[in-house]
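Per-entry structural report
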Amino acid sequence: MQNRAQSMFSSEKVVSEVYGKELLGRLLGQGDGRAKCVVVNAETNWTDLEEQNPWLNSNAGLVVKTDQSIKRRQQLGLIKLNVDYQTAKKWIQERLGSHIEIDGVKGILKQFLIEPFLHHQQNEEFYLCIYSSTVSKDVILFHHEGGVDVGNVDEKGVRLSLGLKNKPTDQVIKDVLLKSVDDAKKQMLSNFIQSLVEFFRDLHFTYLEINPLVVTDSAIHVLDVAAKLDAKAAPLCKKEWGQPQFAPALSRELLPQELEIVKLQAGTPCAMNLTVLNKAGRIWSLISGGGTSLVICDIAAKLDVLDEYACYTQFSGKLTADQLYKLSRTLIDLMLEVPHPDGKTLILSSATVDLIVMIKLKIGPVVGLVKALLESKEELKANNISLVIQRNTVAFTPKGVPTGLEELGIPIHVVSLEVNKTQIIQLALGLKANPTQEGDSTKIVSPPHKMVEASGMCTDHHEKKSVDVNKYKDLFTSETRVIVTGMMVQAVQPMLDYDFVCGRKTPSVAAIVDSSCSVDGKEEWFLWDEGRVSIPVYNNIDAALKNHPDSSVFVNFASGKDAVHFAMVALKCKQIRCILMMVGHIPDQQIRALILMAKNNDALMIGPCTPAHLMQVNFIKPGGFRCNKFGTIGGGFDDILSMKLYRPGSVGLVTRSGGLSNELVMAIARNTDGLYQGVSLGGGKYTGSTMVDHLMFLENTPDVKIMLVLGEFGSCAEYEVCEAIRSGKITKPVVAFCIGESAELIKNEPGNFGHSGAGYVTMETAVAKNQALAEAGAVVPTSYDDIPKKLAEVYVRLVSEGKLVPKQEAPPPSIPANMKPVKGKKK
């Protein structure tokens, strides 16, 4: 595959070459698509293979090669041409299961294919590739020469860009792509390309490369295929796909326990990842949130203790207690396999819930985690195992053993969100005592500066300009009204809690759409002030839009087909100026169509998420509005008060990691005068709005003085930020960092990180992007844990230069007893 195909988005799956040829066989009219092409792996019974495929022992020559999406097979000696069956069989037997290193990646050769050799001439070989490019374009890349010696086709080839719904005409194909092709073959090739484009879209390919494509005087033959399907389209393509066969990755073999977790996750609406790095390592982790998992690995590498980092274990989505039990028990058993004289530590963390509260109340999937721990308590004690539990709140953490874990009898350290990952790793290795917190959790922490009275002394040059603030400047205010899809009580109530704390007179949620509701217009009651407030529930979106014309934002929590339908209806309605897509499992083709629809209708789209990572999209505007999958971005009442999220500050936040959003908000609150606006964009290949879109809004907002950007390895969105800084479009200070610098160090492992943009192309590595950001003029911390320090430095400098006048503190709002959660009980 060419480099553009190497950004391994989690929903893009590389199919085996055999399967790709089966699909293409249907297009070429080869009966049911089962071309003469067989797979050989460790499970192959050679006798059965020969009996079922008698053509293998014919006198015709054969081609034998690896089928693991490996580039440059000819140069690497991983293909043999025009050999007899016995030679092919011996060649595979000598290589099957052998270790190999390609471009720094070590792995095992696991799968091969055998097919008939096609005698042809060099001048009959062509190169053809179709791939999804931008939100609005697919691209056909063609070169009149193909084969192993084609060279850099990106430079040599000819491109034809197509709109999502556009079909290439015969004349355009001939004029643009086939200029150097013999006239006798142009028509056949043109017909094939037109059919291939339709095939590419109908079957939801994201990448389809044929090299060489052999065109004789009478027929077209597909020799080598590299292809990727959008796995999110599986429900739409059951009939067309049949049973997809994906190419095995070039990596080590999965451990039995790792394979068990892969099977446990299969077919469920959740993500679970267990990758064992070193069974003898002392640092083990079980993390809800891909960003947090990645940061812990990064910090371990930065502290030069990556050899002590035993595993990458991450989960997200709707796990059941039984699923989390099995994941936890598998992890604990692995941790106990190889004792360490100094003991080991299991780090537990969740970006979505407070583990201490969940353990105490014995609710949710955490019940499974506690069960696994208690079942292993004797072994944990015997092996000197300790726990470090990080809460997802800045609230004061009392000392002592957490309620619900008293029976364990092992050291347990509970830390708040304010304790950084460096401290947690040092604590896990016994290099640091448990960090302590002092004072009340609701205290207001003063920013690191001497307060300046707002007396007009600010000489910020941005405020002297005639700023054309973009059309979304008044989109999120204390008057914003939204319509929410799905009966997400656990999200709506926290949204209303935040509304009240921010001093809103009316709730932000105007209506709820629930297609399962039997009675249209019924009332659902929520806590508000000293009493309750009702919100109407509709079973169709049209009624909600009609009855609430003051609603300008649509929050999409729906699933399946409803998510796309609701989005399309909302975007057609002129009153909707923004749609928050907190949904996953939408095929890329539909996402791209929705993004274009939003742009054409002058609406802002944020998101969507990727499958099972529904926390990736969030939005918070202090003093006005907040929303994520659970309505908890910014935390509970204690966190809102402590981080002063009831009023806007001077810092804008743009990130792709929803799970790390609260930590970033906390870093802003503790080191500046607070957050002005924060957004997490989603982690997929296509999102409704980009980093630069939101940064330009912040650039054109006079109240914003500093911007914080958190990127990650995979994709190239951060390079657009670099260009905006270099070109002078962005002039305000930007503190920027990309997590995932350690990914390159463990790329031989079979597991994927929890982030959908994960890739190993040099430009997409976090190291390369951090370097580019620094060269462009951004303030780049040395690590994720260094972000607060850099924020403080920039903030203090702007205050001392008179370019930033700190926001005057307003008295924190009083929370009615009616709205406060009762300690120890579910709200």
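Above this text you will find the structure in question.
Below, the structure is looked at part by part. Predicted model, so just to flag it, every value in this text is computed and none were measured.

Cut-off values and rules
- Residues numbered from 1 in each chain as written.
- Predicted model: local features only at pLDDT ≥ 70, side-chain atom pairs only at ≥ 80, totals over all residues.
- Heavy atoms only, no water.
- Helix = DSSP H or I, 4+ residues; strand = E, 2+ residues; numbered from the N terminus.
- Buried < 20%, exposed > 50% of the residue type's maximum accessible area, 1.4 Å probe, protein only.
- Contact = heavy atoms within 4.5 Å.
- Areas by Shrake-Rupley, 256 points an atom, 1.4 Å probe, with all protein chains shown as cover.
- Lys, Arg positive; Asp, Glu negative; His and termini not counted.
- Charge placed at Lys NZ, Arg CZ, Asp CG, Glu CD.
- Axes fitted to C-alpha atoms, helices over the stretch in contact; angles between N-to-C directions.
- Parallel < 35°, antiparallel > 145°, perpendicular 65-115°, else oblique.
- Left-handed = near helix turned anticlockwise from the far one by under 90°.
- Nonpolar A, V, L, I, M, F, W, Y, C, P; charged D, E, K, R; others polar.
- Pairing = 2+ DSSP bridges.
- Phe/Tyr/Trp six-rings, centres within 6.5 Å; stacked < 30°, edge-to-face > 60°.
- 1 Å grid on protein atoms, 1.4 Å probe; cavity = no way out; pocket = protein on both sides within 12 Å on 5 of 7 lines; lining within 4 Å.
- Points joined across faces, edges and corners; volume = space filled by probe spheres on them.
- Disulfide = S-S within 2.5 Å.
- Core = buried A, V, L, I, M, F, W, Y, C linked by side-chain atoms within 4.5 Å.
- Salt bridge = Lys/Arg side-chain N within 4 Å of Asp/Glu carboxyl O.
- Polar contact = N/O pair within 3.5 Å; in protein donor to acceptor, adjacent residues only side chain to side chain.

**Some words on the overall build of the protein**
Of regular secondary structure, the protein possesses 25 helices and 32 strands. Taken along its principal axes, the extent of the C-alpha atoms in the protein is 90 × 65 × 60 Å. Per-residue burial over the protein gives 58% buried out of 827 residues. Taking contacts inside the protein between residues at least 6 apart in sequence as the whole, the part at least 24 apart equals 75%. As displayed, the protein offers around 33,300 Å² of accessible surface, 50% of which is attributable to carbon and sulfur atoms. Positive and negative side-chain charges in the protein, numbering 90 and 92 respectively, have mean positions lying 3 Å apart.

**Let's talk about the packing of helix H1 (residues 17-27) against helix H6 (residues 183-202)**
Taken N-terminus to C-terminus, the directions of H1 and H6 make an angle of 120°; their axes are 11 Å apart at the nearest point. On the basis of their axis angle, the class for H1 and H6 is oblique. When the axes of H1 and H6 are compared, the crossing they make is right-handed. Within the contact between the two elements, H1 uses Leu23, Leu24 and Leu27 and H6 uses Phe192, Ser195, Leu196 and Phe199. Broken down by class, the residue content of the contact of H1 with H6 amounts to 6 nonpolar, 1 polar and no charged.

**As for the sheet that holds strand S14 (residues 270-276)**
Strand order across the open sheet formed by 6 strands is S14-S16-S15-S17-S18-S19, with mixed pairing between neighbours. Of all the strands in the sheet, the pair left with one neighbour each is S14 and strand S19 (412-415). When the angles between neighbouring strand axes are averaged without regard to direction, this sheet yields 10°. Examined bridge by bridge, strand S15 (residues 283-288) and strand S17 (residues 344-350) share 6 bridges and lie parallel to one another. Directly across from Trp284, in S17, lies its bridge partner Leu346.

**Regarding H1**
The buried count for H1 comes to 8 of 11 residues, which makes it a mostly enclosed element. Turning to H1, its buried residues are Glu17, Val18, Tyr19, Gly20, Lys21, Leu23, Leu24 and Gly25. Note on H1: the residue one or two positions beyond its end, Gly29, has a positive phi of about 80°.

**Let's talk about the packing of aromatic side chains**
In total, this model carries 9 aromatic pairs according to the counting rule given. Measuring from ring centre to ring centre gives 5.4 Å for Phe199 and Phe205, while their planes differ by 35°; the resulting arrangement is tilted. Given a relative accessible area of 3%, Phe205 falls into the buried group. Following the ring pairs from residue to residue traces out a cluster consisting of Phe199, Phe200 and Phe205.

**Description of empty space enclosed by the protein**
Scanning the model with the defined rule gives 6 cavities of 30 Å³ or more in all. Here the largest cavity is characterised by a volume of approximately 80 Å³. For the lining of the largest cavity, the elements supplying multiple residues, two or more each, are S17 and helix H21 (661-671). Residues belonging to the lining of the largest cavity are distributed by class as follows: 2 nonpolar, 7 polar and 2 charged.

**Comments concerning H21**
With 11 of 11 residues buried, H21 lies mostly within the body of the structure. Taken residue by residue, H21 has Ser661, Asn662, Glu663, Leu664, Val665, Met666, Ala667, Ile668, Ala669, Arg670 and Asn671 as its buried positions.

**Quick look at the sheet that holds strand S27 (residues 617-621)**
With mixed pairing, 6 strands are arranged side by side in an open sheet as S28-S27-S30-S29-S31-S32. What marks the edges here is a single partner per strand, and that holds for strand S28 (625-627) and strand S32 (734-739). Averaged over all neighbouring strand pairs, the angle between strand axes comes to 10°, with direction disregarded. Where strand S31 (residues 706-712) and S32 come together, 6 bridges link them in parallel fashion.

**As for the side chain of Gln257**
Along the polypeptide, Gln257 turns up in helix H8 (residues 256-265). Among all residues touching Gln257, those that are not within four sequence positions of it are Leu274, Thr330, Leu334 and Glu337.

**Focus on the state of the cysteines**
For the coordinates displayed, the defined rule picks out 0 disulfides. Note on Cys716: no disulfide assigned, nearest cysteine sulfur contributed by Cys722 at a separation of 10 Å.

**Re the nonpolar core**
Counting 119 residues, the largest nonpolar core has Val509, Val555, Leu580, Phe625 and Tyr784 as the members making the most contacts within it. The biggest single contributor to this core is helix H16 (residues 489-501), with 7 residues. Contact partners of Tyr784, with chain neighbours within four places excluded, come to Val295, Ile299, Leu660, Glu663, Leu664, Leu710, Phe737 and Ile739. Ile261, Leu264, Cys270 and Leu387 belong to the second-largest nonpolar core, a separate cluster that totals 41 residues.

**Section: the pattern of salt bridges**
Within this structure, the stated rule accounts for 36 salt bridges. Here Asp224 and Lys65 are joined by a salt bridge, their closest N and O atoms 2.3 Å apart. One end of the pair, Asp224, is in the loop between strand S12 (220-222) and strand S13 (225-230); the other, Lys65, is in strand S3 (residues 62-66), with 159 residues separating them in the sequence. What makes Lys65 buried here is its relative accessible area of 0%. Close ionic contact of Arg481 with Asp550 constitutes a salt bridge, the shortest N to O distance being 3.3 Å. On the criterion of sequence distance, the pair formed by Arg481 in the loop between helix H15 (461-464) and strand S20 (482-485) and Asp550 in the loop between helix H17 (541-547) and strand S24 (553-556) is long-range, its members being 69 residues apart. Counted as one network, the salt bridges with shared partners bring together Glu17, Lys21, Lys65, Arg73, Glu115 and Asp224.

**Quick notes on the side chain of His143**
Within the secondary structure layout, His143 lies in strand S9 (residues 137-143). Given the relative accessible area of 6%, His143 is considered buried. If sequence neighbours within four positions are ignored, His143 has contacts with Phe126, Tyr127, Val150, Val153, Lys156 and Gly157.

**Here we look at the environment of His694**
Locating His694 in the fold gives a position in helix H22 (residues 691-699). Accessibility expressed as a relative area gives 6% for His694, which makes it buried. Separated by 17 residues in the primary sequence, His694 and Gln677 have C-alpha atoms spaced 10.0 Å apart. Contacts of His694, omitting those with residues within four sequence positions, involve Leu604, Ile606, Val654, Val679, Leu681 and Ser689. Within the structure, His694 has its side chain in polar contact with the side chain of Ser689 (distance 2.8 Å).

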